[in-house]
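Listed below, chain by chain, are the residues.
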Amino acid sequence: MAALGWLTPRRRSATARSVLAGEASAEAARKSTQEVLEREPEFPVPGDEQAAAFFDLDNTVMQGAALFHFGRGLYKRKFFDTRELARFAWQQAWFRLAGVEDPEHMQEARDSALSIVQGHRVSELQSIGEEIYDEYMAERIWPGTRALAQAHLDAGQRVWLVTAAPVEIATVIARRLGLTGALGTVAESVDGVYTGKLVGEPLHGPAKAEAVRALALAEGLDLTRCAAYSDSHNDIPMLSLVGHPYAINPDSKLRKHARQMDWRLRDYRTGRKAAKVGIPAAAGVGAVAGGTAAAIALHRKRR
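Summary of the structure given here. (Residues numbered from 1 in each chain as written. Predicted model: local features only at pLDDT ≥ 70, side-chain atom pairs only at ≥ 80, totals over all residues. Heavy atoms only, no water.)

## Overview of the nonpolar core
Just so we agree on the cut-off: Residues grouped as a nonpolar core are buried Ala, Val, Leu, Ile, Met, Phe, Trp, Tyr and Cys residues, joined through side-chain atoms within 4.5 Å. Buried, partly exposed and exposed residues are distinguished by accessible area as a fraction of the type maximum, computed with a 1.4 Å probe on protein chains only: under 20%, between the cut-offs, and over 50%, respectively. We call two residues in contact whenever any of their non-hydrogen atoms come within 4.5 Å of each other.
The biggest cluster of nonpolar side chains holds 41 residues, and the ones touching the most others in it are Phe55, Leu74, Met137, Leu161, Ile173 and Tyr229. Beyond its immediate sequence surroundings of up to four residues, Phe55 is in contact with Val61, Thr145, Leu148, Ala149, His152, Val159, Trp160, Leu161, Val162 and Tyr229. With 25 residues, the next largest nonpolar core counts Leu183, Leu221, Ile236 and Ala247 among its residues.

See the structure below:
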């Protein structure tokens, strides 16, 4: 057996240098942990009643555009025809491929949407919105962003969606996710019936920032202690309002801006190429393919 002694690890007592190395390593780890804690205090801060969180909806909380998913649901219920659906899809494709908003397209999309709901009761659209959420939206909620929102709720903070989508559908989504509420585009109604006009303008870009500012004032919030989350450079005005801005699944312009400003970034997408193009998750609708091709052709022609 003595010949096999080389197989047995030798027991050696720790030398003074070994002890010193171990203690130094432990102290360095402790200091490093402490520095991280000091540099990144707990967030969200539990019990801070003057703090809240504001989440963009499209491609931040939910994959794809809420208005497009809502349009699919209305099309299924015969609110409009295939030609109108194709036009919606082509306008969405243009925006994503060209990377800029075409004011003419935005006006057309706005007028089309308003004409579709004109004469319908608000309560009817709210009820349909509940069904459409189950059919097209529930499975498209980003789990990562949902967890961020829940962290604010668990800390006792209020959480709002802020979106250009109609406030009725935004409210449905917020309620289903257990959020405090939603800020969205308001369509005019008289005696509970849509008139086909907007109150003001779509809640987009600077309008979002103004809505957040107004809500913060009404609710007694300190915006320097609040957080905002978005995927789009269009929401830089809203993100710049708060003390804790986050870029979620950011487009290229927002990613660049966020890095320059040292904002935090989170990306929950898996298909990177598809995410960069940003074609809606509702691409199963055949009209999207044709709209995409048309957008590419027109974009090339204009160049």
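## What about helix H10 (residues 252-261)?
Applied cut-off: Only DSSP runs of H or I reaching four residues or more are called helices, and only runs of E reaching two or more are called strands; each is numbered from the N terminus. This arc is taken over the directions from the axis of the helix to the C-beta atoms.
Where H10 is concerned, the buried positions are Leu254, Arg255 and Ala258. Axial view of H10: buried residues confined to an arc of 100°, hence all on one face. Every exposed residue of H10 that faces more than 90 degrees away from the buried side is listed here: Ser252, Lys256 and Gln260. One or two steps after H10, the chain reaches Asp262, where phi turns positive at roughly 60°.

## Examining the pattern of salt bridges
Put simply, the test is: Just to be clear on terms, a salt bridge is a Lys or Arg side-chain nitrogen sitting within 4 Å of an Asp or Glu carboxyl oxygen.
Scanning the entire structure with this criterion turns up 15 salt bridges. In this structure, Asp267 and Arg269 form a salt bridge, with 2.6 Å as the shortest nitrogen-oxygen distance. Judged by relative accessible area, which is 15%, Arg269 ranks as buried. Through salt bridges with shared partners, one network takes in Lys76, Arg77, Glu131 and Glu135.

Note that every value here comes from positions in space, so none of it alone points to a role or purpose.
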